[in-house]
Amino acid sequence: MEKDCVFCQIVEGLKPAEFVYQDKSLVVFKDINPHAPVHLLIVPRRHIRSINDLQEEDVNIISEMILRAREAAQECSVAESGYKLLFNVERGGGQVIFHLHLHLLGGWR
Ligand code: 5GP
Ligand code: ZN
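K.L.:
Got a sec to walk through the pairing of strand S1 (residues 19-22)? Specific residues and values, please.
P.N.:
As judged from the three bridges shared by S1 and strand S2 (residues 26-30), these two strands associate in the antiparallel manner. Residue pairing across strands places Phe-19 opposite Phe-29, the latter belonging to S2.

K.L.:
Could you give an account of the side chain of Ser-50, naming the residues involved and the relevant values?
P.N.:
Following the sequence through the fold, Ser-50 ends up in the loop between strand S3 (38-44) and helix H2 (59-75). Separated by 3.0 Å, the side chain of Ser-50 and the backbone nitrogen of Asn-52 make a polar contact. Polar contacts involving the side chain of Ser-50 include one to the side chain of Glu-90, which spans 3.1 Å. If we ignore the near neighbours within four places in the chain, the residues touching Ser-50 are Val-89, Glu-90, Gln-95 and Leu-100.

K.L.:
Lay out unusual backbone geometry with the relevant residues and their values.
P.N.:
Notably, Ser-77 is not glycine yet its phi reads approximately 60°, a positive angle. Its relative accessible area of 61% is what places Ser-77 among the exposed residues.

K.L.:
Describe the coordination of the zinc ion (ligand 2), naming the residues involved and giving the relevant values.
P.N.:
Protein ligation of the zinc ion (ligand 2) involves Cys-5 (SG), Cys-8 (SG), His-47 (ND1) and His-99 (ND1), the donor distances falling in the range 2.0 to 2.3 Å. Taken together, the four donor atoms surrounding the zinc ion (ligand 2) define angles of 105 to 116° at the centre, an arrangement classified as tetrahedral. All donors of the zinc ion (ligand 2) come from a single chain, and their spacing in sequence reads C-x2-C-x38-H-x51-H. Note that Cys-8 is positioned in helix H1 (residues 6-11) and His-47 in the loop between S3 and H2, a separation of 39 residues in sequence.

The rules we used
- Residues numbered from 1 in each chain as written.
- Chains lettered and ligands numbered in written order.
- Predicted model: local features only at pLDDT ≥ 70, side-chain atom pairs only at ≥ 80, totals over all residues.
- Heavy atoms only, no water.
- Pairing = 2+ DSSP bridges.
- Helix = DSSP H or I, 4+ residues; strand = E, 2+ residues; numbered from the N terminus.
- Polar contact = N/O pair within 3.5 Å; in protein donor to acceptor, adjacent residues only side chain to side chain.
- Contact = heavy atoms within 4.5 Å.
- Buried < 20%, exposed > 50% of the residue type's maximum accessible area, 1.4 Å probe, protein only.
- Donors = N, O, S within 2.8 Å, 3.2 Å for Na, K, Ca; no water.
- Tetrahedral: all angles 85-135°; square planar, octahedral: opposite > 155°, others 65-115°.

Next comes the structure, spelled out in structure tokens:
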């Protein structure tokens, strides 16, 4: 855990969040400042800074994040209407929390 990392603090239960799913490798919680009617963050428990820091052996966690996003989209009833999955990468890509996360955005009419 990186003690100054907000998402590590959420993963460790040191900072509150509205969790919708948790397992041994990742958590899913609602974005505090939603940009869509449904805005979830899919977050690995392990601290990885960004997509740039992925290693070959991280293939499993990335696959799990995408598959979990698919499940969350179904559970939030946006699977059929459609949704966006987004990784912001580093400052120029709009990343402000430097702990890897996948945005799930949907629910527009
Ligand atoms: P980024 O721009 O790094 O891809 O996205 C970070 C996201 O995390 C933003 O959409 C922001 O609203 C969300 N966020 C930042 N701090 C917190 C927090 O403490 N709790 C929750 N639930 N979301 C947060
Ligand atoms: Zn972290």
